[in-house]
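Architecture at a glance
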Amino acid sequence: MKLKSIILALVLITSFNVARSQESLFIANWSIAIPVAELVDYTDQPSFGGFNIGGRKFIYDFVSFGGYAGWQLYHDKSTGLHAVKDGLDIWGRKIRHLNIYPIMANVHIYGGQDGGVRPYFGINTGVSIVNENIQIGLWEVSETTGNYTLSPEIGVYIPVGLRGGGLNLSARYDQAFQSSNDYQIQSFIINIGYGVGY
Amino acid sequence: MKNLILILLAISGLLYGCYYDDVTTADQLDVVATSYNLEAIESGNFITYSIPDSILHHDANNDSDHQFDQIILDEIKQNLDDYGYTEVNPSLTTPDLIVLPEVLTNEQYEWGGCWDCWYWWDPWYPGWGWGYYPPTPGYVYSYETGSIIITIIDQNAIQEQDENSKALWVSVINGVLRQNLTKARINELIDQAFVQSPYLDQN
């Protein structure tokens, strides 16, 4: 009788399979960006228009390699006099859009246990394709540049449910270095997303 | 995986709604640009000017509207007078400056339509599905733009026949021509051209 109880208890416990060993993680995030440093001269408003999707492959239980791609939109609008250069002034409604498309590789180191809450930190590196569009009245100028980007990140992955899914929260600092454009793009990004482990 | 796709679509939909709708009226497309030679303006002692009694229209179809011509001339003269300049009759007195107002109109054509569209329909309803749908018809639309160009030239440079001389000051006022364009708006834009040029003030 006692043996039967033990066997029954073991069967019940193993049938729940809550913690499945994770080999890969696929995450989609909504990103909020706050401009800092030189980018504040372009716009001081936070950007709520952004997302990124990526994947991570665990080579050890506590280390993953992966990458992500995404999009972030900065926007600025002002009406007034703009000094374009010496000897040229333009008054009107100036609208600026800055679309940033990062394509990054990354490595992350995790704490916690597989299947549980996993804080992590890591580094992202790659290129950001930056398209700047300036419109004044009926006139429009657009420029696209590629900028080397470095981005340290910290975050936490919180499992939700029984199928390997979980909530991803992270913060990172994006440093897109100046290239043929004339300023660096620096921002503080907050990611809120959902991931699926498999 | 299905859940992740739905979440991605939801994010896309939300972000599409986040794209800014920046221009809502034609007034917001009005622009006043001024190009100037500051050194020449500050070094010259300009007091008098002459201005034609009509405006030159550059118009391919020769059908541009002349209803604002006198308004434009009067407002230019008012601003120059406020800045301490005096209008003279060029047949009696040689002016320091020559002021040339012009109007340029142009018709712009744009096309629109969706030639290669993928549409999403809710796959959970029977009879609909993902896929490619026939293109919607294209369309062409046009709009007319207008520019008021005011050029101020140093009379001395013309007399010396200096081929390399440039205008002292050029103002281009540009926008979409529209039914509700008023005298007040024209005056406001011409005033703006002079307000943003305080170096012209001789007072």
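Refer to the structure above for everything that follows.
Values in this document were obtained by computation on a predicted structure and should not be read as measured data. (Residues numbered from 1 in each chain as written. Chains lettered and ligands numbered in written order. Predicted model: local features only at pLDDT ≥ 70, side-chain atom pairs only at ≥ 80, totals over all residues. Heavy atoms only, no water.)

Describing the interface of chain A and chain B
Condition: A contact between two residues is defined here by any heavy atoms of the two lying within 4.5 Å. The buried area of a pairing is the accessible area, by a 1.4 Å probe, that goes missing from both parts when the two are put together, added over both. One side-chain nitrogen of Lys or Arg within 4 Å of one carboxyl oxygen of Asp or Glu is enough to make a salt bridge. Comment: elements are numbered from the N terminus, with helices defined as DSSP H or I runs of at least four residues and strands as E runs of at least two. Put simply, Ala, Val, Leu, Ile, Met, Phe, Trp, Tyr, Cys and Pro go in the nonpolar bin, Asp, Glu, Lys and Arg in the charged bin, and everything else, Gly too, in the polar bin.
Each side of the interface is counted separately: chain A has 31 residues, and chain B has 27 residues. Here chain A meets chain B over a buried area of about 2600 Å², counting both sides, of which 68% is carbon and sulfur. Inspection of the chain A/chain B interface yields 0 salt bridges. For the side of chain A that touches chain B, the elements supplying multiple residues, two or more each, are strand E1 (24–35), strand E2 (49–60), strand E3 (63–85), strand E4 (88–110), strand E5 (118–136) and strand E8 (185–197) of chain A. Counting residues per element, the side of chain A that touches chain B draws most heavily on E4(A), which supplies 9 residues. Of the residues in the side of chain A that touches chain B, the class split is 18 nonpolar, 10 polar and 3 charged.

Looking at the packing of helix H3 (residues 69–82) of chain B against helix H5 (residues 183–195) of chain B
Residues and elements named next belong to chain B. We count it as follows: For helices, the fitted axis covers only the stretch in contact; all axes are lines through C-alpha atoms, and the angles between them, taken along N-to-C directions, range from 0 to 180 degrees. For any pair of crossing helices, the crossing counts as left-handed if the nearer helix is rotated counterclockwise from the farther one by less than a right angle, and right-handed if it is rotated clockwise.
Where H3 contacts H5, the axes come no closer than 10 Å and their chain directions differ by 35°. Both H3 and H5 take part in a crossing whose hand is right-handed. Across from Ile71, Ile72, Glu75, Ile76, Asn79 and Leu80 in H3, the residues of H5 making contact are Lys183, Ile186, Asn187, Ile190, Asp191 and Phe194. Here the residues of the contact of H3 with H5 are counted per class, giving 7 nonpolar, 2 polar and 3 charged.

Thoughts on unusual backbone geometry
Not every positive phi belongs to a glycine, and A:Ala37 is a case in point at roughly 55°. Turning to its location among the elements, A:Ala37 is positioned in the loop between E1 and E2.

Brief notes about the nonpolar core
Nonpolar side chains tend to gather and get buried jointly when the protein is soluble and globular. Condition: Grouping buried Ala, Val, Leu, Ile, Met, Phe, Trp, Tyr and Cys residues that are joined through side-chain atoms within 4.5 Å yields what is termed a nonpolar core. Partly exposed describes any residue whose relative accessible area lies between the buried limit of under 20% and the exposed limit of over 50%, with all areas from a 1.4 Å probe on protein chains only and scaled to the type maximum.
Core analysis: the largest hydrophobic core is formed by 32 residues, its most contacted members being B:Ile72, B:Ile76 and B:Trp169. Every element with two or more residues in this core is listed here: strand E1 (31–36), H3, strand E5 (97–112), strand E8 (139–154), strand E9 (169–176) and H5 of chain B. The biggest single contributor to this core is H5(B), with 5 residues. If near-sequence neighbours (up to four positions away) are discounted, B:Ile76 is found in contact with B:Ile51, B:Val99, B:Pro101, B:Ile150, B:Ile190 and B:Phe194. Core analysis: the second largest hydrophobic core is formed by 11 residues, A:Ala33, A:Tyr42, A:Ile100 and A:Ile185 among them.

Bear in mind that shape data such as this cannot, by itself, settle questions of function.
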